[in-house]
Amino acid sequence: NLEEFEAEKRRYSNLKGPLKQLKIETEEFARLYDAAGNCTELAGRFAQLSGDLENLETRGELEAQMEDEQNSADAIHDNPAVIEKYQQRKIEISDHEKKLSQMRRTHEDIVKSFEPMKANWEGRIRALIKVVNGLFSEYMAALGNRGNVYILEDKSYDKWGLDIKICFRQDGEMQTLHKNFHSGGERSVATIMFLMALQDSVISPFRVVDEINQGMDEPNERQVFKRIVENSIDKPNGPLRPQYFLITPKLLQGLTAMEKEDVTVHFVMNGPYNIKDYRDWNIPRFIKKRKELNSGAAGSSKQRRLS
């Protein structure tokens, strides 16, 4: 460019003086021409050096580059719109840099103010899952199984989750609760035990579970029903428990937990021979009729014995 060319010219000018002085001093020690007037070897070298220095001033590349730079500079000076546009863009860039700096400071302030809330929330979640994990492990152990609940954490909260690991064999390996690894009955047992563990930590006026006992074997179903009752009835000097509705098409016979006073059983009769009008549902009349039937059956039995 133009600056480089000017630098080369200054360098050339600076070299001319020392070269001339060097030539004078050299002539004092060595002759440039012999007695016949022919150039000596030293004179030839000086001539070559002088030619190289002269070529620096006339190199085509530097001259062409200088001309291009000059034309570009002239074009800018001849077009005020370009200069005005440049100044405008310069102001816009400065404004955007200020806004960006302000946004960065605001972002840093928000992040700093968020840290205490983040630490508090994460601490409460970890404490809650610690309690749930302890209860879940206890309930699963009562059934002869193993189970744990872990938090899956991530930088993004929408990727947080729970990992429920269970094992229904003493020598087996803990696996994440999944339909590909566990049967329907095993998943039902693990699910209801997790809900029971979560129940004391979540406030709710009532809970409804539909056919949770389906697919369970008899021992597990009895243990699950017992756990539901124990976690649902009020205990002396304890907190009030929410109502628990268990909807199921069948229950096992001989469930001892059914004898609790807080347990109420509703039978939903459905079919073409059932009472169609609720006003016909008269418990005292049903009891009276049953007594009459029982008395009639007892009389018939007595008459058969006498005969």
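Residues numbered from 1 in each chain as written. Predicted model: local features only at pLDDT ≥ 70, side-chain atom pairs only at ≥ 80, totals over all residues. Heavy atoms only, no water.

Draft legend 1. Main features of the overall build of the chain. A tally of helices and strands in the chain yields 7 helices and 5 strands. Beginning at the N terminus, the succession of helices and strands in the chain can be written as α-α-α-α-β-β-β-α-β-α-β-α. Counting over 307 residues, the chain shows a buried share of 20%. In the chain, of all internal contacts separated by at least 6 residues, the share reaching a separation of at least 24 is 57%. (Helix = DSSP H or I, 4+ residues; strand = E, 2+ residues; numbered from the N terminus. Buried < 20%, exposed > 50% of the residue type's maximum accessible area, 1.4 Å probe, protein only. Contact = heavy atoms within 4.5 Å.)

Draft legend 2. Local environment of the layout of surface pockets. Empty space within the largest pocket amounts to approximately 990 Å³. Lining the largest pocket are 28 residues, and of these Y244, L246, T264, V265 and H266 sit closest to its centre. Of all elements in the fold, only α6 (218–232) and β5 (243–247) reach the threshold of two or more residues within the lining of the largest pocket. The residue makeup of the lining of the largest pocket, split by class, is 18 nonpolar, 6 polar and 4 charged. (1 Å grid on protein atoms, 1.4 Å probe; cavity = no way out; pocket = protein on both sides within 12 Å on 5 of 7 lines; lining within 4 Å. Points joined across faces, edges and corners; volume = space filled by probe spheres on them. Nonpolar A, V, L, I, M, F, W, Y, C, P; charged D, E, K, R; others polar.)

Draft legend 3. Region of the structure containing the pairing of strand β2 (residues 161–167). Where strand β1 (residues 146–152) lies against β2, 7 bridges are found, and the strand directions are antiparallel. Bridge pairing in β2 places I151 opposite L162. Pairing analysis gives 2 bridges linking β2 to strand β3 (residues 175–176), with the strands arranged antiparallel. Considered in β3, the bridge of I166 is made with Q175. (Pairing = 2+ DSSP bridges.)

Draft legend 4. Representation of the nonpolar core in the model. If you look at the biggest cluster of nonpolar residues, it comprises 24 residues, and the most contacted ones within it are F136, I166, V189, I192, M193 and V224. Of all the secondary-structure elements, those providing two or more residues to this core are α4 (80–142), β2, α5 (184–199) and α6. Looking at this core element by element, the count peaks at 7 residues for α5. Within the second largest apolar cluster, 5 residues are counted, among which are V229, I233, L255 and A257. (Core = buried A, V, L, I, M, F, W, Y, C linked by side-chain atoms within 4.5 Å.)

Draft legend 5. Focus on empty space enclosed by the protein. Taken as a whole and assessed by the stated rule, the structure comprises 1 cavity of 30 Å³ or more. Estimated volume of the largest cavity: approximately 50 Å³. In terms of lining, the largest cavity is formed by I212, N213, E221, V224, F225, I228, L246, L251 and L255. By residue number, the principal contributor to the lining of the largest cavity is α6, which donates 4 residues.

Draft legend 6. Examining α5 more closely. Over its 16 residues, α5 runs 22 Å from end to end, which matches the ideal 22 Å to within 8%, given 1.5 Å per residue. Of all the positions in α5, only G185, E186, S188, V189, A190, I192, M193, F194, M196, A197 and Q199 are classed as buried. (Expected span 1.5 Å × (residues − 1).)

Draft legend 7. Structural context of the sheet that holds β2. Reading across from one edge, β1-β2-β3 is the order of the 3 strands in this open sheet, with antiparallel pairing throughout. If you trace the sheet from one side to the other, it starts and ends with β1 and β3, each paired once.

Draft legend 8. Inspection of the pattern of salt bridges at higher detail. For the structure on display, the rule yields 7 salt bridges. With its nearest N and O atoms 3.5 Å apart, the salt bridge here joins E230 to R227. Note that E230 and R227 are positioned in helix α6 at a spacing of 3 residues, about one turn of the helix. By relative accessible area, E230 is classed as partly exposed at 30%. Since its relative accessible area comes to 16%, R227 is described here as buried. (Salt bridge = Lys/Arg side-chain N within 4 Å of Asp/Glu carboxyl O.)

Draft legend 9. The pairing of strand β4 (residues 206–210), seen in detail. On β4, burial follows the alternation: R207 and V209 on one face are buried, whereas F206, V208 and D210 on the facing-out side are not. Bridge count for β4 against β5 is 5 bridges, and the pairing is parallel. Directly across from D210, in β5, lies its bridge partner I247.

Draft legend 10. Highlighting the packing of α5 against α6. Running from N to C, α5 and α6 point in directions that differ by 15°, and their axes come no closer than 11 Å. The angle between α5 and α6 falls in the class roughly parallel. In the crossing of α5 with α6, the sense of the turn from one axis to the other is left-handed. In this structure, α5 contributes V189, I192, M193, M196 and Q199 to the contact, and α6 contributes N220, V224, R227, I228, N231 and S232. Classifying every residue of the contact of α5 with α6 by side-chain character gives 6 nonpolar, 4 polar and 1 charged. (Axes fitted to C-alpha atoms, helices over the stretch in contact; angles between N-to-C directions. Parallel < 35°, antiparallel > 145°, perpendicular 65-115°, else oblique. Left-handed = near helix turned anticlockwise from the far one by under 90°.)

Draft legend 11. Examining the side chain of E221 more closely. Residue placement: E221 occurs in helix α6. Of the residues examined, E221 reaches a relative accessible area of 5% and is grouped as buried.

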